[in-house]
Amino acid sequence: MPLPLLLAAATPPLAGTAADWLWLLPVLPLAGFALNGLLSLAGAFHPGPADPSADGHGAADAHAGGEAHADEHHAPARHRFAGATSVIGPAVLIAAFGLAVAIWMAMRDAGEMSAPLVQTYFSWIPVGALHVDFAFQLDQLAMVMVLVVTGVGALIHVFSVGYMRDDPGYPRYFAYLNLFVAFMLVLVLGASYPVMFIGWEGVGLCSYLLIGFWFTDKANADAGKKAFIVNRIGDFGFLVAMFLLWANLHALDFVGVAAGAKGLAFGGALVTAICLFFFLGCTGKSAQIPLYVWLPDAMAGPTPVSALIHAATMVTAGVYLIARSGFLFAMAPVAGLTVAVTGAVTALFAATIGLAQWDIKKVLAYSTVSQLGFMFIAAGVGAYATGIFHLVTHAFFKGLLFLGSGSVIYAMHAAYHHTGKHDDAQDMRNMGGLRTALPWTFVLMWIATLAIAGVPLFAGFFSKDEILAKVLERTTDSTLASATWLGLPGEFVLRAVFILALAAALLTAVYMTRLMLFTFHGPNRTGEAERAQLHEAPWIMTGPLVVLGILSAFGGWLNVPDPLGALGPVHVLSHWLEPVTGAATAMVGAEHEALPATEWAMMGGAVLVALAGIAIAFWRFKPAALVPKALAKPATGFTNVLEHKYYVDEIYDRAIVEPIVDGSRDILWTGIDKGLIDGLFVNGSAFLARALGWVGSKLQTGQLGEYAWALALGVLAVLGALTLR
Amino acid sequence: MNPPGLFFQFHFYLFGLLAVGGSLLFVTRKSPVAAALWLVNVMFCISALFVMLDAPFIGAIQVLVYAGAIMVVFLFVVMLLNLGHPSEVADLRGRGTRITAGFVGLAMLAEVLVLMRVRIPAILPPAPPETNITSTIAAPLFREYLLPFELTSVLLLAAIVGAVVLAKRRV
Amino acid sequence: MVDVALFFSAVLFVIGVVGVLTRRNAILIFMCVELMLNAVNLSFIAFSRLYGMAGQVFVVFVMSVAAAEAAVGLAIVISIFRHYESVDLRNINLLKG
């Protein structure tokens, strides 16, 4: 549907259907948050086993749950109300997912919507000319995101029931997780940028709360702080973009901005600035260069949190933002190229780091950063639907990878708990040969690995191939190709992006295969005593893995490309999203029919890259050559640089953090606060008062003669003033 | 009114200078009695100036009240307290103080003179009549200024009572 | 003549001020204050020569107030003398503090 028709009023066809209950979608997890929060607090007043939030001196471990005390002779401590929470937590999510499906079916039955359904609930900010309402907007894009969030979220909630079973902070965990889903739903359903920003900030808050869930360990608390602060830098960009929008377009809701955006100069400084500031927010939230540094540290949180927040949903908010703001980004080719280039560079950069990491979750974290880079490549070149497609498939296979790693870590922890060893349960050097102990996890994780590597016909193959195809398509006959980016012609930039993306895809296959090799293949390095204790996780945890495995395997059918039309209906997702993103995509570059030969060559090339990556990994990485972490020698040379993630954190520390801290301490605190305000104003005024008092007291001698002198001098002074006047 | 004649002017200046000279002597005497007597002299000269400024009644009561009553009271008290001998009371302050006071005085005088920007007309308005000089004072006193007059009498009463109470010997 | 009278009045007043500043005997300081009052009376009379009878009436008031003040002040001096056995101002410093 052409863009102008989107400006019509809310569509009647959806009235009276499940869409009337749209508001219930975030309210359900919010209610879950309230109930679980109450249970958590209620548990605190009947102090049972030490929950860190209850009395501050819990003994929870830094790593995965299942173990509440370092002392192996204590039984794990379940929270008093754990049973109720196990029901409430996942139930609200499953209910929300059910409602989402119902709404989706109503949307499907309603057919073509002429305009998005906007439901206004109350007037939020009525200040002068600025009038922001708290409203939700339901259109095809929001529907996709809602389904992903609630669906994958429900699965992860169920997984968490098993994973966090023996954690003393069990209800608090579910409270935070529910709150996160509530905020995420507000984010994707918001009808205007400010409402979206509520969700944006809220998920940042929940991310902080959940990363630092075991906050008694300072490293975890620091990781949470780092995530929040780095996010904040991005949020500044989001805010500035909103200010610019308001100042120039006097509209902040999507419908209004879309209308006003057409009046802006194409490729002008204003629209480019707005887009770049929004993108700054995206680099923060979606962990791109330069603000990605919080995501690897965020692995300090429980693994299901990493799966939900830092793989499937929160970090994809940036991609959603750009897809939502397609009408702006399509008008600013320079911004689009910036997004694409940043995405490509980040994808390759993170992939190289992932090659040298030993912690299984860190590998996955850098993999997430890399895959997000792919999504931004798609968003940058105007293929918004493709970006969302990769978002969806990524939620499937990355969620599966994280939950699978959670399964592995759970098994490792259980084994160590049994024997009382305190090694690193997340380091791959301590794993190996787990295929016999955890067969289900093994198979499912290989499915996810094949998906992420882009092996046909798994989900990742379709989405990644489409991204690469779109990039090539845009090198001819698009606004991006004709634009210049930092002096370079757009066409050249796009080709460079393509090559970087291809390299990143190759490395993706390599490091993921490396992960599988070191974890599941080869000899086991966990230790003689532990080996017998390694076993598969209970079904409550493996069940969601299976579901995600099926989705990772068959999720690609959401958007089958033309040459493979024999497999099923083509471009289902693209057509579904077309009313929202179609016009913007068309503005960037027309879809032209490529020769079938070119298409097959592209696909063949992508498959070749994936298989080559797997082969390289099998050739280069020998699990038999590994030693357990305790005995491992430190790395040397370039591998050492990769293992230390190019020392980016250290560089940021030296270049940015330390000057700020030192400047604050020396100038602002010592100089201004202590010296000027305390010293001069507060103490100084006290000193002045005392001095004046001292002078005054010296005048009160009681000597009348001196009083007469004072009188005479005073008269002299007054007369002097009069004469001089 | 015709400008004052030379005789008049000469005597005006004479009495003025006598007053100034007398006051200078007054402030520099060591003996209180001598100082008091020089002050009486000053008052007489001022009274003469009053008369020459066509205020004979005021001149008269200046002698009667000021020189004749107030200064007498002063002298009474001086004698009562046996302060007659100059040696008993080292009255004047140190040399530095006196010099500084002199400078302060000169400064003040300079300022006052600068501020005295009154324009005196060359031709003075007519003098009040020389007959019935009492009534010329009494008329405004008992008409426009009746209230201050009454208040002054209350003040005098208060002063009398106060003086008696304060000076009473504690029995 | 009026301006001359005013000049003399100013001089007498200043001499009175100097006297107050330089003397230590309470009674003599009082007498200097009387001198100042006289100087003021002179200036009143001088102005009354220009502007009417109000000046002279005011002088009457000044004189009566001066008389009252002298009476009370000297009574105070006497009672202080009884207490301190001297009228030296250096010893009278109850106003200290």
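Residues numbered from 1 in each chain as written. Chains lettered and ligands numbered in written order. Predicted model: local features only at pLDDT ≥ 70, side-chain atom pairs only at ≥ 80, totals over all residues.

1. Remarks on the overall build of chain B
Consideration 1: A count of helices and strands for chain B gives six helices and zero strands.
Consideration 2: Secondary structure elements of chain B occur, N-terminal to C-terminal, as α-α-α-α-α-α.
Consideration 3: Looking at the 171 residues of chain B, the share that counts as buried comes to 27%.
Consideration 4: For chain B, long-range pairs separated by at least 24 residues make up 56% of all intrachain contacts whose partners lie at least 6 apart in sequence. (Helix = DSSP H or I, 4+ residues; strand = E, 2+ residues; numbered from the N terminus. Buried ≥ 20, exposed ≤ 12 C-beta atoms within 10 Å, placed from the backbone. Contact = placed C-beta atoms within 7 Å.)

2. What about the overall build of chain A?
Consideration 1: Helix and strand content of chain A: 27 helices and four strands.
Consideration 2: Whereas a compact globule of 725 residues would reach a radius of gyration of roughly 27 Å, chain A reaches 30 Å, a difference of no more than 12%.
Consideration 3: In chain A, once contacts between residues fewer than 6 apart in sequence are set aside, the share between residues at least 24 apart is 82%. (Rg over C-alpha atoms; globule rule 2.2 N^0.38 Å.)

3. Notes on the environment of Leu450(A)
All names here are of chain A.
Consideration 1: Topologically, Leu 450 is positioned in helix α17 (residues 439–453).
Consideration 2: By C-beta crowding, Leu 450 is classed as buried, having 25 other C-beta atoms within 10 Å.
Consideration 3: For the pair Leu 450 and Ala 553, spaced 103 residues apart in sequence, the C-alpha separation works out to 8.8 Å.
Consideration 4: Excluding anything up to four places from it in sequence, Leu 450 contacts Val 455 and Phe 458.

4. Some words on the interface of chain B and chain C
Consideration 1: Between chain B and chain C, the contact holds 65 residues from the first and 58 residues from the second.
Consideration 2: Of all the secondary-structure elements, those providing two or more residues to the side of chain B that touches chain C are α1 (6–28), α2 (32–52), α3 (56–80), α4 (95–115), α5 (133–142) and α6 (146–167) of chain B.

5. Quick word on the interface of chain B and chain A
Consideration 1: Each partner contributes residues to the interface: chain B has seven residues there, and chain A has seven residues.
Consideration 2: Class assignment for the residues of the side of chain B that touches chain A results in six nonpolar, no polar and one charged. (Nonpolar A, V, L, I, M, F, W, Y, C, P; charged D, E, K, R; others polar.)

6. Brief notes about the domain arrangement of chain B
How big an interface is tends to be stated in terms of accessible area lost as the parts join.
Consideration 1: Domain annotation of chain B identifies domain 1 (1–90) and domain 2 (129–171).
Consideration 2: Taking only C-alpha atoms into account, the centre of domain 1 of chain B sits 22 Å from that of domain 2 of chain B. (Domains from an automatic or database assignment.)

7. Describing the confidence of the model for chain B
One rule of thumb: low pLDDT means the predicted coordinates there are not for detailed reading.
Consideration 1: Per-chain confidence: chain B averages 86 in pLDDT, with 89% of residues scoring 70 or above.
Consideration 2: For this predicted complex, the interface confidence reaches an ipTM of 0.91, while the overall pTM sits at 0.73. (pLDDT = per-residue confidence, 0-100.)

8. As for the nonpolar core
Consideration 1: Of all hydrophobic cores here, the largest spans 237 residues; its most connected members are Phe180(A), Ile377(A), Val497(A) and Ala501(A).
Consideration 2: Per-element accounting of this core gives the leading share, 20 residues, to helix α16 (residues 384–419) of chain A.
Consideration 3: The contact partners of Val497(A), leaving out residues within four places of it in the chain, are Ala340(A), Val341(A), Ala344(A), Ile377(A) and Val471(A).
Consideration 4: Formed by 74 residues, the second largest nonpolar core is a distinct cluster that contains Val112(B), Val17(C), Val20(C) and Leu28(C). (Core = buried A, V, L, I, M, F, W, Y, C linked by C-beta atoms within 7 Å.)

9. With respect to unusual backbone geometry
Residue and element names in this part refer to chain A.
Consideration 1: Cis geometry is adopted by the peptide bond preceding Pro 290, which originates at Ile 289 and carries an omega value of 5°.
Consideration 2: One can find Pro 290 in the loop between α9 (269–285) and α10 (294–297).
Consideration 3: Backbone torsion omega between Pro 456 and Leu 457 reads 5°, so that peptide bond is classified as cis.
Consideration 4: By secondary structure assignment, the location of Leu 457 is in the loop between α17 and α18 (459–473).
Consideration 5: The backbone of Tyr 647 sits at a positive phi, close to 55°, despite the residue not being glycine.

10. Overview of helix α14 (residues 333–354) of chain A
Consideration 1: Counted at 1.5 Å a residue, the expected span for α14(A) with its 22 residues is 32 Å, and the 31 Å between its end C-alpha atoms agrees.
Consideration 2: Of all 22 residues that make up α14(A), 21 are buried, and the element is covered over most of its length. (Expected span 1.5 Å × (residues − 1).)

11. Brief notes about the packing of α2(B) against helix α2 (residues 26–51) of chain C
Consideration 1: Here α2(B) crosses α2(C) at 5°, and the two axes come no closer than 11 Å. Relative to α2(C), the element α2(B) lies roughly parallel. Between α2(B) and α2(C), the contacting residues are Pro32(B), Ala35(B), Ala36(B), Leu39(B), Val42(B), Met43(B), Ile46(B), Leu49(B) and Phe50(B) on the first element and Ile27(C), Leu28(C), Met31(C), Glu34(C), Leu35(C), Asn38(C), Leu42(C) and Ile45(C) on the second.
Consideration 2: For the contact of α2(B) with α2(C), the per-class residue count stands at 15 nonpolar, one polar and one charged. (Axes fitted to C-alpha atoms, helices over the stretch in contact; angles between N-to-C directions. Parallel < 35°, antiparallel > 145°, perpendicular 65-115°, else oblique.)

12. Topic: the pairing of strand β1 (residues 117–127) of chain A
Residues and elements named next belong to chain A.
Consideration 1: In this structure, β1 lies alongside strand β2 (residues 130–138), joined through nine bridges in antiparallel fashion. Paired with Ser 123 across the strands is Asp 133, a residue of β2.
Consideration 2: Joining the antiparallel neighbours β1 and β2 is a turn of two residues, in which Gly 128 adopts a positive phi near 60°. (Pairing = 2+ DSSP bridges.)

13. Brief notes about the packing of helix α7 (residues 218–249) of chain A against α9(A)
Residues and elements named next belong to chain A.
Consideration 1: Contact geometry for α7 and α9: axes closest at 7 Å, N-to-C directions at 155°. In this view, α7 runs roughly antiparallel relative to α9, as classed from their interaxial angle. Where α7 crosses over α9, the two elements pack in a sense that is left-handed. Facing α7, whose interface residues are Val 230, Asn 231, Ile 233, Gly 234, Asp 235, Gly 237, Phe 238, Val 240, Ala 241, Leu 244, Leu 245 and Asn 248, α9 presents Leu 270, Ala 273, Ile 274, Phe 277, Phe 278, Leu 280, Gly 281, Thr 283, Gly 284 and Lys 285.
Consideration 2: In terms of residue class, the contact of α7 with α9 is built from 13 nonpolar, seven polar and two charged. (Left-handed = near helix turned anticlockwise from the far one by under 90°.)

14. Digging into helix α11 (residues 303–312) of chain A
All names here are of chain A.
Consideration 1: Most of α11 is tucked away, with ten of its ten residues classed as buried.
Consideration 2: For α11, the complete set of buried residues consists of Thr 303, Pro 304, Val 305, Ser 306, Ala 307, Leu 308, Ile 309, His 310, Ala 311 and Ala 312.
Consideration 3: Contact partners of the buried residues in α11: α4 (140–163), α5 (170–189), α6 (193–211), α10, α15 (360–380) and α16.

15. Side note on the confidence of the model for chain A
All names here are of chain A.
Consideration 1: The share of residues in chain A with pLDDT of 70 or more is 92%, and the mean pLDDT across the chain is 85.
Consideration 2: Note on residues 1–11: pLDDT under 50 across the span, and 26 contacts to partners over four residues away in sequence or across chains.
Consideration 3: When the criterion is pLDDT under 50, residues 54–75 qualifies, and its contacts beyond four places in sequence or with other chains add up to 60 contacts.

16. A look at the environment of Thr479(A)
All names here are of chain A.
Consideration 1: With respect to the helices, strands and loops of the structure, Thr 479 is situated in helix α19 (residues 479–482).
Consideration 2: Its 21 C-beta neighbours within 10 Å are what place Thr 479 among the buried residues.
Consideration 3: Each C-alpha atom, one on Thr 479 and one on Val 334, is 9.4 Å from the other, the two residues being 145 residues apart in sequence.
Consideration 4: Beyond its immediate sequence surroundings of up to four residues, Thr 479 is in contact with Pro 333, Val 588 and Gly 589.

17. Topic: the environment of Phe266(A)
All names here are of chain A.
Consideration 1: Inspection of the secondary structure puts Phe 266 in the loop between α8 (254–261) and α9.
Consideration 2: Note on Phe 266: 12 C-beta atoms within 10 Å, which makes it exposed.
Consideration 3: Note: C-alpha distance between Phe 266 and Ala 332 (66 residues apart in sequence) is 6.5 Å.

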